[in-house]
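# Analysis of the macromolecular model
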Amino acid sequence: MSYDLKVLEQGCEELGIALNDVQKEQFITFYEYLVEKNKVMNLTGITEFQEVLVKHFLDSLACVKAVDMTKVEKIMDIGTGAGFPGVPLKIAFPHLEACLLDSLKKRVNFLEETFALLKLENITAIHGRAEEFAKNKAYREQYDLCVSRAVSNLATLSEYCLPYVKVGGHFISYKSGTVQEELQQAEKAVKILGGKIQDVVYFNLPDSEIQRSLVVIEKMKATPGRYPRKAGTPLKEPLS
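Nothing here was measured: the structure is a model prediction, and the numbers come from that model.

This part covers the overall build of the protein. Along its length, the protein carries nine helices and seven strands. Against the globule reference of 18 Å for 240 residues, the protein gives a C-alpha radius of gyration of 17 Å, in line with a compact fold. By its C-alpha atoms, the protein is 50 × 35 × 30 Å across when sized along the principal axes. Every one of the 240 residues in the protein was classed for burial, and the buried ones make up 56%. In the protein, the proportion of contacts linking residues at least 24 apart, taken out of those at least 6 apart, comes to 71%.

Here's what the structure looks like:
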């Protein structure tokens, strides 16, 4: 089957990303496998090819608007689901050492099959809760960049994600629309966790009216050892 990749190619060009034929083929294979597996497990509500290109692939890659991915070496994706933004970032930037975390074993199995199918190296998927792995020395403060497209509020996400980020690194939260109110509510939490809200990048997805934002948080100092709090607490009682 032939696919029209024009929207992906143009979107990447606008983002300053050049894809070779191997990478384009990886995106197509990823799409096909995602849709095939989606028939038997809930991975995505978006299955039409052009929509996946824009709402999953280009949206995932948009973090280049906020950070120079060529300077990032290790990346952690929290609550990755079907592999967003982690897998598109790894395809576009093969040099990355990537770790994708999800709380559902079936999704982690799907991701491991995807990595093998796409012949991706230096990428792992781990099954568990962000709060637990963040206490593990092998993961805590080991990453240049932590990303998340998860839908929790920013204070909760910061508690999940900032413990993974090295001092001097960044956490980028993918959000929809404007986030001013959420930013104000999260400011104290971010500070407690050793971060500082550095920037918010607003953009529209290509060929759409869909507004997105990237909240960029810089890690200024080490996260105190007591954070993240035990599983479930950051969601029930966000730091404020």
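Omega for the bond connecting Phe84 with Pro85 falls within 30 degrees of zero, at 5°, which places this linkage in the cis form. Inspection of the secondary structure puts Pro85 in the loop between strand 1 (74-78) and helix 4 (86-92). Of note, the amide linkage connecting Tyr227 to Pro228 takes the cis form, showing an omega dihedral of 0°. By the secondary structure assignment, Pro228 is in the loop between strand 7 (211-219) and helix 9 (233-236).

Let us now look at the environment of Asn122. Along the chain, Asn122 falls in the loop between helix 5 (105-117) and strand 3 (123-127). C-alpha of Asn122 to C-alpha of Ile28: the two residues are 94 residues apart in sequence and 20 Å apart in space.

Here Leu235 is to be found in helix 9. Sequence separation between Leu235 and Tyr160 is 75 residues; the distance between their C-alpha atoms is 9.4 Å. Sequence-distant contacts of Leu235, that is, excluding residues within four places in its chain, are made with Ser152, Thr156 and Tyr160.

The next thing to look at is helix 7 (residues 154-161). Across the eight residues of helix 7, eight count as buried, placing the element largely inside the fold. For helix 7, every residue scored as buried is listed here: Leu154, Ala155, Thr156, Leu157, Ser158, Glu159, Tyr160 and Cys161. Structurally, the start of helix 7 carries an N-cap: the backbone nitrogen of Ala155 is 3.0 Å from a side-chain oxygen of Asn153.

Reading guide: rules and limits
- Residues numbered from 1 in each chain as written.
- Predicted model: local features only at pLDDT ≥ 70, side-chain atom pairs only at ≥ 80, totals over all residues.
- Heavy atoms only, no water.
- Helix = DSSP H or I, 4+ residues; strand = E, 2+ residues; numbered from the N terminus.
- Rg over C-alpha atoms; globule rule 2.2 N^0.38 Å.
- Buried < 20%, exposed > 50% of the residue type's maximum accessible area, 1.4 Å probe, protein only.
- Contact = heavy atoms within 4.5 Å.
- Polar contact = N/O pair within 3.5 Å; in protein donor to acceptor, adjacent residues only side chain to side chain.

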